[in-house]
Amino acid sequence: MERVGVVLGSREATPLEFFVGVEGQGLLRLDDLVVVEGYHPKVGKVRYFGMVDHVAKVHEGESFDTDIFLAVEGKIPVSLAYVAHVSVTRILPEEFFPPDPGSPVYLAQGEDLELALYYDAMRNQRGSTTLPAGFLKNGEVAYLNLEFLNGVKGGHVNISGISGVAAKTSYATFLLKSLLESGVLEDAHQAKVLLFNVKGEDLLFLDKPNLRLSEEARRDYERLGLPPTPFGSVAFRAPPRKEGEGILPDVETRLEGVRAYHWDLVQFAQKGLLPFLFTDKGALTNLGFLVAHVTEKLRRLAEGQKGPHLLVADWPEGELAEGITFDDLGRVRLKSFSDLVRYLEYKLLGPETGEGEGDRTWVARQARGTLEAFIRRLRASVENVGHLVRGDRKGHPPDPLEGGEQVHVVDLAKLSPQGQMFVVGSLLSDLFAKKERGQYRGRVFVVLDELNKYAPRDEESPIKDVLLDIAERGRSLGVILIGAQQTASEVERRVVGNAAIRVVGRLDAAEAERPEYRHLPPSFRQRALILPQGSVILSQPEIPVPLLVRFPFPAWATKREEVLEDNSAEALRREFF
């Protein structure tokens, strides 16, 4: 054991915190873990484990600021005081009396470090539940208790930080790597991942090795017990291009292995996806009842239909031709989202000539102004989602529970905000409904950045309702949300509050002072302002202090330029055939 100092007697020592006077050549830094032994005749020996969260040096013997110049020249006697503040993480046995001043302080290493951070308690009847989460400042592996992540004792992860330097997505994908390949998650082979790509095409190369991966980073992965390889089983889905014939994925940097996704009109109606086109509070306040009513009418209309077009049963046979209005036709096949909007306009407002009224069974006794507002919003959505909801081809929406791939990346980056809302809301609603019905037994991890957009604190929307459901009931159903945002203060409290694991990257100074970060001691909030890329502050329920951890460089490419090309014959055969 390496002795570094003694418990100070000039400052108050309590069972929960004390100061250490660092002696001689001793070195104590922020995040160092220490151990102190105490003794009382009535309880015997007690061991205090703690983490250094403040260190300072000061000259004793100086009265004025200018005395430092005299001290440097040796003209006045001074002593250098090197003091560290320690927050106690654990007391064994739990006898809460303070350590004695003058007690020697040692660095906690090996078994002592495991006791200080409760690693010995992270286990169940099957064995250890320590999940690699990065490296501590002293180079030791940092662990999370898997049972607070897989839903047994807790679930969900929330990651905060400034975009670009906080590495939210990088840490989320590293956690996924650890969950799927460390061997700690027992049923990892059954776990599925739904990962939304919200910017650029960064996540479309998860299955490609990173040519910038250094030998040091490879050794880091080996120390963590993880293979330094990209993800092995990934499906990539992207929205279709708006222009051109056929349905081709709208991607630029990855040209192979990406499939386009869309819904057909029958799927749109049967799954009740209409509400996900209305995502603002104003719309729901005035139109909520009408949206629910029309959604139900569409669901009944689509009953028994196979699609992709939606057959309008109350009109004579025929297809809608260009330039012909619904007034001129009878029964038709709706073959585009635009057709559906026109049909709803007819049912709610009456003939396009402006004469007559809408179908009374559809208007639900709503005022004409409400009906017109509903139609105006639907018309505005045609440009944004017309290529995502169509009646000309059988729909192939992403479904992470089907297919052999374990990780499903769904690209949203090129969609309009309304399109992104629609895709996220539709997929999460469908996923949660299937888990509620027990259609898939394995765990599903959902990774979603920009939570402040999908679950804003001050607004209501159908997507927010789905996310709240996942946050509050998801862990019992095996749906775990790994959410991220720049500002947790703008995200619904119940979504953030239900996350058992909280991760903080570099923060904006104003954001760091918000109440959402009070789980961090002041020194950690201050350090969050200067965190380097690749480091995060990790909080978990079992450990009373947050941990500063460093995670390894991604072993998978995060953009096209980082892809380590595989020119083997087998790789070329896969690419071209």
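About the cut-offs
- Per chain, residues are indexed from 1 in the order of the written sequence.
- Residue-level local features of this predicted model are given only where pLDDT is at least 70; pairs of side-chain atoms are given and counted only at 80 or more, and the full residue set underlies all totals for whole chains, interfaces and linings.
- In computing side-chain values, all of the structure's heavy atoms are included and hydrogens and water are not.
- In this text, helices come from DSSP runs of H or I with a minimum length of four residues, and strands from runs of E with a minimum of two, each type numbered from the N-terminal end.
- Buried means the residue's accessible area, taken with a 1.4 Å probe over protein chains only, is under 20% of the maximum for its type, while exposed means over 50%, and partly exposed covers the values in between.
- We call two residues in contact whenever any of their non-hydrogen atoms come within 4.5 Å of each other.
- Only the protein chains shown count as covering a residue, and every accessible area follows the Shrake-Rupley method with a 1.4 Å probe.
- A positive count includes Lys and Arg, and a negative count includes Asp and Glu. His and the chain ends are not counted in either.
- Here the site of a charge means NZ on Lys, CZ on Arg, CG on Asp, or CD on Glu.
- Whether two strands pair comes down to DSSP finding at least two bridges between them.
- Orientation is described by axes fitted as lines to C-alpha atoms, over the contacting stretch for helices, and by angles from 0 to 180 degrees between their N-to-C directions.
- The definition of a polar contact used here is a pair of N or O atoms within 3.5 Å, where within protein one atom must be able to donate a hydrogen and the other to accept one, and adjacent residues in sequence count solely through side-chain atom pairs.
- Pairing of aromatic side chains here covers Phe, Tyr and the six-membered ring of Trp, requires ring centres within 6.5 Å, and sorts the geometry by plane angle: under 30 degrees stacked, over 60 edge-to-face, intermediate tilted.
- Remark: nonpolar core denotes a set of buried residues (Ala, Val, Leu, Ile, Met, Phe, Trp, Tyr, Cys) joined through side-chain atoms within 4.5 Å.

Participant: Outline the overall build of the chain, listing residues and values.
Facilitator: Helix and strand counts for the chain stand at 16 helices and 24 strands. Each of the three principal axes of the chain carries a C-alpha extent, and together these read 100 × 60 × 55 Å. The buried share among the 577 residues of the chain stands at 54%. In the chain, once contacts between residues fewer than 6 apart in sequence are set aside, the share between residues at least 24 apart is 70%. Total accessible area on the chain stands at roughly 26300 Å², and carbon and sulfur atoms take up 48% of it. The positive charge centre, built from 71 side chains, and the negative charge centre, built from 83, are 4 Å apart in the chain.

Participant: Which residues make up the sheet that holds strand β6 (residues 104–107), and what are the values?
Facilitator: Sheet architecture is closed into a barrel: 6 strands sit in the order β1-β2-β5-β4-β3-β6, paired in antiparallel fashion. Between one strand axis and the next, the sheet turns through 40° on average, direction left out of account. Across 5 bridges, the pairing between strand β2 (residues 17–22) and strand β5 (residues 79–92) is antiparallel. When the bridges of β5 are listed, Val 20 appears paired with Ala 84.

Participant: I'd love a proper account of the side chain of Gln 305, names of residues and values included.
Facilitator: As for its position among the elements, Gln 305 is in the loop between α6 (281–301) and β16 (310–311). Here Gln 305 falls in the buried class, since its relative accessible area comes to 17%. There is a polar contact of 2.7 Å between the side chain of Gln 305 and the backbone nitrogen of Leu 311. Those residues in contact with Gln 305, other than ones at most four positions away along the chain, are Val 266, Gln 270, Leu 310 and Leu 311.

Participant: Break down the packing of aromatic side chains for me, with residues and values.
Facilitator: Under the criterion given, the structure shown has 12 aromatic pairs. Summarising the aromatic geometry, the rings of Tyr 261 and Trp 263 are spaced 6.1 Å apart at their centres and angled 85° between planes, so their arrangement reads as edge-to-face. On the accessibility criterion, Tyr 261 (0% relative accessible area) is buried. In this structure Trp 263 comes out as buried when scored by relative accessible area, which is 2%. By the ring-pair criterion, three or more aromatic residues cluster together here, those being Tyr 261, Trp 263, Phe 268, Phe 337 and Phe 422.

Participant: Please give an account of the environment of Glu 402 that cites residues and values.
Facilitator: Of note, Glu 402 is situated in the loop between β18 (389–390) and β19 (407–411). Residue class for Glu 402 comes out exposed when judged on its relative accessible area of 52%. Sequence spacing of Glu 402 and Pro 98 is 304 residues, and the spatial spacing of their C-alpha atoms is 57 Å. For Glu 402, the contacting residues outside a window of four places in its chain are Lys 192 and His 408.

Participant: So what's going on with the nonpolar core? Residues and values would help.
Facilitator: Within the largest apolar cluster, 85 residues are counted, with the highest numbers of intra-cluster contacts made by Leu 136, Tyr 171, Leu 206, Val 409 and Phe 445. For this core, the leading source of residues is helix α3 (residues 168–181), giving 7 residues. Residues contacting Val 409, with those up to four places away along its chain left out, are Leu 195, Asn 197, Leu 203, Leu 204, Leu 206, Val 234, Ala 235, Phe 236 and Arg 237. Of all hydrophobic cores here, the second largest spans 72 residues; its members include Leu 277, Val 294, Leu 344 and Val 410.

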